[in-house]
Each structure stands twice: as structure tokens, then as C-alpha cells.
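Summary of structural features
Spelled out from the first residue to the last, the chains are:
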Amino acid sequence: MPDNYDAIVVGSGISGGWAAKELTEHGLKTIVLEAGRPIDPAVDYVEHVMPYEKRYRGMGDRNRLQRYQPIQSQCGACDEYAGKFFVNDLDNPYSTPEGKPFSWIRGRQVGGKSIMWGRCVFRWSDLDYEANAKEGVAVDWPLRYKDVAPWWSYVEKFVGIQGRHEGLAQLPDGEFLKPWPMNAAEQKGREVLLTKFGGERVITNMRLAVLTEDHLGRQKCHLCGNCYRGCVTLSYFSSLNATLPAARKTGNLTLRPFSVVHSVIYDPSTRKATGVRVVDSNTKEMFDVKAKVIFLCAAALESTRILLNSATAEFPKGLGNSSGELGHNLMDHIMGGGATGELPWAKDRREVGRRPDAIYVPRFRNVKTKHPDFQRGYGFEGRAERAGWERGAEMAGFGAGFKKSLIGDLGPWEMSFDGFGEMLPRHENYIEIDPHLVDAWGIPALRIHCAYSDNELKMQNDMVVTATEMLEAMGAKNIRTFKENNAPGLVIHETGTARMGRDPKTSVLNSHNQMWDVQNVFMTDGACMTSTANQNPSITYMALTARAVDYAVGQMKRRQL
């Protein structure tokens, strides 16, 4: 393997896959360094494996999970089928202050977390991009909707996204494939809310990176419903299924798994990075890889950890940290507020198939009128479904008669709304290097300081209120509210720590995801975010990555990098 390339991409997930595709398609010899192992879909994708084929019948070895993955197993997808896609917590430690837990969910393999992500994709609007400036929070985004819109369109056309056009200013429409039809209960719920809330609260299809028709050589979804376990038909988007194969076709890609990046190598005489220092995860040997341009795409906290571990005499608190903002302004979303209720009017209907879809209620708080208790807003994810035979796992009963009753007498239809809200960027939520802790490869680990503020907690309270209002409007019975006490991180939308901005004195990156201080280093994963909106962020990472590569290649052609 040569040690000199045109471009280095650190990480092979959502952002890294897009960086690899775009860089190689522009003709750059590119190496992708992935900390984890390669994935063989024929072996590792297990969406069609039945419970009786698993040792613990799909319920998992709880002792093993508790020992090796106590943090990762807080995510429901870390089960007996897909637990292998999540890291070993003993090998990948981090610390938090007492009373401030943070659940850092990670996937280290070729494809990263794009293998088991939720696939929800939403554009932002200027309501989101302008909020910091209008409210005097943190710093202003150096972007607006018009800057990112063509790049959302570009990536959406490649990804393949099912969705319904709604014409909502706060949730712009995109380039959609045909949506799955809602089931009868969801469709009626949509009609009721449109009438009773004057069009303010809208039930629409979840916008998902799952194919409803054949697309660019990938097959449409066959409705097995186990997306997080893998997808042999390549129907859901991941870097393993789509962007990395596209990069490989160019002949310009080198993919090296088992490569844990320790730090960026900086040359103070040129004020540029010359490459990265890497630890082979199998042999523990350290080696350097050199390149003209570097894209850090290892996920928000890992990319910033690399920079913090790259401190120099000029940048003693982390490479490129002249602003003092590197590591600060950590955000996640807040979830776990909502309600569930029974829909008695739908009892004569049943649904066939396992549609990997959900419903979505876009943000309606602080859109046209200001809420007195909190800033920003939230959306609801949910679905209407009828309990089938699986409910028997939690019911008393035995024998043929019991089994027959589960099939012949279906349970009630229920509708659920679960809120996902915006977390404000705050300087006091930050990460730093823990001076006493290293990972399995001897690399200094993180200490994470993060907590929700009153603003997020008041928003969570409101989720419960409005979810109940919607169910009551639908005539739901037996409404049960919930408000969970989840730690930040568990939504798995961690962002910030190397924010974009207009001024190098208050931000780490410029409007093209380029480091102010080290101009041949770009960060296009969640670290770059200046605020977090309430929408799932991955499609924005993809768009920003494609946009940043276009800019970087232009700079290289003009010999300005």
C-alpha cells in the first residue's frame, strides 16, 4: 500500500462514503481509513434470519451485553442480530462527570452507522438556519437554504427517498420517489388533524432513504421490516450499499479497514496538514499516511477527538483551535415525550406486510407564533399499527388454542406519537481529552460534559401535551402518556464540537466545511453543525459533504490548497 494519496477520508459512514464517492469521481486517488472491520453482506446481513436460528431466539445474551456493551445495548437495535455492528464498550471507553451521563452509540466497521441508521431524511428551512441569529443564540450559520438546496437535490437523486410533497415552509420538499400508502388508520388520522387543527398539524409519510421502486441498480424494498440488520437487496441507503461501490467503480479508491486514526500531522512551516497518523487495530503498529487534502468524517465526537489529540505548540488545545471553540457546543436531540392511544374505529381493518415506514408530524411550534415557554420546536415520529401474534410474548397462555387466538383475534389498533426536539447549542456542553483514560489502541479517550437545559425539558413536556391533544381529536381511547428521562446521546444525533461560522474567532470551520486554521482539512460530519434543528441530520451531512468536495477540488485545481 502506498503512503501518499491525493486525498484521505477518515471514516466510511454516511459522510465518509459521500466524500469517497465525490473525491474519486473527480479523479483524486483517495484512501478511506476505517477503524473497524470489513463487512460481508452475505454473512453479516441477517434480516432474514429467523428467531429459531439464533441461540437466544433473538432475545440476546443479556450477560454478554451487560459486560461488553452496557452503553451500546441502550439502543434497541443492539440486539442478538445486530449487536455486532456496535462497538465493544470495554475497548472504546470514555468518561463523564458524575450526574451527567451521555450515551455514546457507535459503529466501527466499513459503512459505519450507515448500516443500522434510522434512514429518516429531512431538509432544513431558513427557519432553522436563521434561528441562531434571530434569537441571539451561539453564532449565525454561514449558510442559508439556497446554499444547500441544490446539494440536497443532488444527493437525494442518488440516494432514493420515498416521501410525500406537502408544501410546508418549515419542512421543504425534496426529490422523492413515490411514497408507500399510509394504512387506513393513519390516513384517517391525517384527515382528522387537517380538519381539527386547521392544517397546522400534518400527518405525512416519514421521508425515508428506502426504495419504493428500483433505482440506479438497487432493488425496491421487499417489506421484510428488519432494516437495521442489513439489506441484501440494497434497498436502504448506506455507504456500503451505494456510495462506496460508486467510488470503487472509478478505480481511484483504496479502502483500508482496521485503521484507527490517532491524529492529524501538521507542518507549521506551511500551516497545512501533511497526513494522518494511524494505528493498525490488529497489530497495534503505528504508521503515517500522506495526502494533499484530508476529510474528517469519523462522526462528530471522533473527528473532534482526532483534532484534540493533534495538539501542537501553535495549537496546544487541539489542532485548528485558535477560536477556543473546538470541542464545545455539543448537541443531540431530545426525545421520549409523547403518547399512545387505541383507535376503536379501525378494528375492522388489518395491515399486510412489514412496511419499514412511519408517519411524521412536522414541527408546528414556534413556526408562525412564539411559544411562551421554550425556543425552537419538535416533530413527531410515530405509526398506527395493530398488535399481531407477537403480543403473545407478553401474555399468559399456552398451547394450540392460545396460538390460534393470537392469529384469529388481533389486538387493538394503536396510534403513537414520539417527539424529537431541538437542543440549543451551549458552550458549556463540550468534550475534552481525559488525561487518565486510553482506548484499546493506546489513544487518549474523551471526557464528555453534556446535559439538557430547561429549554429542552420544557419542550419535552409540551410533546406530551400536544400528542395527547392529537389523539383526543382522533377519538382515541385508553391514552397513555410518557416522558422518558433519556441521557443525551441516545437519540444518536450528536452534533457540534467543530462548528461552522462566519468568523474564525468564534468558529472552527468556514462556510465550506474548511478549517480556518488548517485549510486543507475539511470536516463534514456532525461536528460541523452550528445548531441542530429538530430534523434527523444525516441527509444534511451528505449534502454538505458533496458541496465541500466540490469546493475543495476547485481549490486544488487553482492550486490554492
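Residues numbered from 1 in each chain as written. Predicted model: local features only at pLDDT ≥ 70, side-chain atom pairs only at ≥ 80, totals over all residues. Heavy atoms only, no water.

**So, the overall build of the protein chain**
Under the convention used in this document: Under the DSSP-based scheme used, a helix requires at least four consecutive residues in state H or I and a strand at least two consecutive residues in state E, with every element numbered from the N terminus. Each radius of gyration reported is based on C-alpha atoms, and the globular scaling rule is 2.2 Å times the count of residues to the power 0.38. Here the term buried applies to any residue with accessible area under 20% of the maximum for its type, exposed to any over 50%, and partly exposed to those in between, with areas from a 1.4 Å probe on protein chains only. Between two residues, a contact is recorded if the distance between any of their heavy atoms is within 4.5 Å.
Helix and strand counts for the protein chain come out as 12 helices and 15 strands. For 561 residues, the compact-globule estimate of 2.2 N^0.38 gives 24 Å, and the C-alpha radius of gyration of the protein chain, at 23 Å, lies within 12% of that figure. For the protein chain, the spread of C-alpha atoms along the principal axes amounts to about 75 × 55 × 50 Å. Across the 561 residues in the protein chain, those meeting the buried criterion constitute 61%. Within the protein chain, contacts between residues separated by at least 24 positions form 73% of all contacts whose residues are at least 6 apart in sequence.

**Observations regarding helix α6 (residues 145-159)**
Heads up, the condition is: In a helix, the anticipated span is given by 1.5 Å times the number of residues less one.
Along its 15 residues, α6 runs 20 Å from first to last C-alpha, staying within 8% of the 21 Å computed at 1.5 Å per residue. Taken together, the buried positions of α6 are Val 148, Ala 149, Trp 151, Trp 152, Ser 153, Val 155, Glu 156, Phe 158 and Val 159. On its buried face, α6 sits against α1 (14-25), α4 (126-129), α8 (239-249) and α12 (538-557).

**Topic: the sheet that holds strand β3 (residues 204-205)**
The test is simple: Here, a strand pair is defined by DSSP locating no fewer than two bridges between the strands. Interaxial angle, 0 to 180 degrees, is taken between N-to-C directions of lines fitted to C-alpha atoms, where a helix line uses only the stretch in contact.
An order of β3-β9-β10-β11-β8-β14 is seen for the six strands of this open sheet, with the pairing classed as antiparallel. The open sheet has two edge strands, β3 and β14 (477-483), and neither has a second partner. Pairing geometry for β3 and strand β9 (residues 359-361), over two bridges, is antiparallel. Counted as the bridge partner of Thr 204 is Tyr 360 from β9. Strands β8 (334-342), β9, β10 (378-386), β11 (413-421) and β14 of the sheet are contacted by helix α11 (residues 454-473), whose axis makes an angle of about 15° with β8.

**Some points on the nonpolar core**
What counts is decided by this rule: By nonpolar core we mean a set of buried residues, namely Ala, Val, Leu, Ile, Met, Phe, Trp, Tyr and Cys, connected to one another through side-chain atoms within 4.5 Å.
By size, the foremost hydrophobic cluster in this structure holds 153 residues, and its most contacted members are Phe 237, Val 264, Phe 295, Phe 417 and Ile 448. Ranked by residue count, the leading element in this core is α12, at 11 residues. Among residues more than four places away in sequence, those in contact with Phe 237 are Ile 14, Trp 18, Ser 114, Trp 117, Phe 158, Val 159, Ala 209, Arg 218, Ala 242, Thr 243 and Met 542. Core analysis: the second largest hydrophobic core is formed by five residues, Val 260, Val 279, Trp 441 and Ile 443 among them.

**Considerations on the pattern of salt bridges**
Close approach of charged atoms allows side chains of opposite charge to pair. The condition is simple: Note on definitions: salt bridges are taken to be side-chain nitrogens of Lys or Arg within 4 Å of carboxyl oxygens of Asp or Glu.
Under the definition given, this model contains 30 salt bridges. Residue Arg 277 is joined to Asp 288 by a salt bridge in which the shortest nitrogen-to-oxygen separation is 2.8 Å. Residue Arg 277 is found in strand β6 (residues 272-280), and its partner Asp 288 is found in strand β7 (residues 286-296); the two are separated by 11 residues along the sequence. The class of Arg 277 is partly exposed, set by a relative accessible area of 29%. Asp 288 gets classed as partly exposed once you look at its relative accessible area, which sits at 29%. Overlapping salt bridges bring together Arg 106, Arg 108, Glu 302, Arg 305 and Asp 439 as one network.

**Describing unusual backbone geometry**
Positive phi values are uncommon outside glycine, yet Arg 119 reaches one of about 70°. As for its placement among the helices and strands, Arg 119 is situated in the loop between α3 (62-68) and α4. Residue Arg 119 is classed as buried on the basis of its relative accessible area, which comes to 11%. A positive phi is found at Ala 299, a non-glycine position, where the angle reads about 90°.

**A short note on the packing of aromatic side chains**
To be explicit about the condition: Classification of ring pairs uses Phe, Tyr and Trp, with its six-membered ring standing for Trp, and accepts pairs whose centres are within 6.5 Å; under 30 degrees between planes counts as stacked, over 60 as edge-to-face, and the remaining range as tilted. In this scheme, Lys NZ or Arg CZ marks a charge over a ring once it lies within 6 Å of the ring centre and within 35 degrees of the ring normal.
Here the structure, examined in full by the defined rule, presents 17 aromatic pairs. Ring geometry for Tyr 94 and Trp 104: centres 5.4 Å apart, planes at 70°, overall edge-to-face. One end of the pair, Tyr 94, is in the loop between α3 and α4; the other, Trp 104, is in the loop between α3 and α4, and 10 residues separate them in sequence. Connected via pairs of aromatic rings, a cluster forms that spans Trp 124, Tyr 129, Trp 141, Tyr 145 and Trp 152. Here Lys 188 stacks its cationic end above the ring of Trp 345, 4.3 Å away from the centre of that ring.

**Re the side chain of Arg 123**
Stated formally: Polar contacts, as counted here, are pairs of nitrogen or oxygen atoms within 3.5 Å of one another; within protein the pair requires one atom able to donate a hydrogen and one able to accept it, and residues that are adjacent in sequence qualify only if both atoms are side-chain atoms.
Tracing the backbone through its elements, the reader meets Arg 123 in the loop between α3 and α4. Within the local environment of Arg 123, its side chain forms a polar contact with the side chain of Tyr 145, the two groups lying 2.8 Å apart. Of the polar contacts made by the side chain of Arg 123, one reaches the side chain of Ser 153; its length is 2.9 Å. When sequence neighbours within four positions are dropped, the list of residues in contact with Arg 123 reads Tyr 145, Ala 149, Trp 152, Ser 153, Glu 156, Leu 171, Pro 172, Asp 173, Gly 174, Glu 175, Gln 535 and Ile 539.

**Focus: the packing of α1 against α12**
Going by this rule: Should an angle fall under 35 degrees it is taken as roughly parallel, and over 145 as roughly antiparallel, whereas 65 to 115 is taken as roughly perpendicular and any remaining angle as oblique. Should the near helix be turned counterclockwise from the far one by less than a right angle, the crossing is left-handed, whereas a clockwise turn marks it as right-handed. Classes in brief: Ala, Val, Leu, Ile, Met, Phe, Trp, Tyr, Cys and Pro nonpolar; Asp, Glu, Lys and Arg charged; the others, Gly included, polar.
It is at 9 Å that the axes of α1 and α12 come closest, and there the two elements cross at 30°. Considered as vectors, α1 and α12 are oriented roughly parallel to each other. Crossing hand, α1 versus α12: right-handed. On α12, the residues touching Ile 14, Ser 15, Trp 18, Ala 19, Glu 22 and Leu 23 of α1 are Ser 538, Tyr 541, Met 542, Thr 545, Ala 546 and Val 549. Grouping the amino acids of the contact of α1 with α12 by side-chain chemistry returns eight nonpolar, three polar and one charged.

**Regarding the packing of α1 against α6**
Close contact between α1 and α6 brings their axes to 13 Å; oriented N to C, the two are set at 100°. In terms of axis orientation, α1 runs roughly perpendicular to α6. In this structure, α1 uses Trp 18, Lys 21, Glu 22 and Glu 25 to contact α6, whose residues at the interface are Tyr 154, Val 155, Phe 158 and Val 159. Residues belonging to the contact of α1 with α6 are distributed by class as follows: five nonpolar, no polar and three charged.

**Thoughts on the pairing of strand β1 (residues 4-10)**
Keep this limit in mind: Here, the term right-handed applies to a crossover whose path from the first strand over the helix to the second runs clockwise when the strands point away from the viewer.
Burial of β1 is extensive: six of the seven residues sit out of reach of the surface. When β1 meets β7, the two strands line up parallel, connected through six bridges. The residue of β7 that forms the bridge with Tyr 5 is Ala 291. At this point the chain moves from β1, through α1, to the parallel strand β2 (residues 30-33), and the crossover so formed is right-handed.

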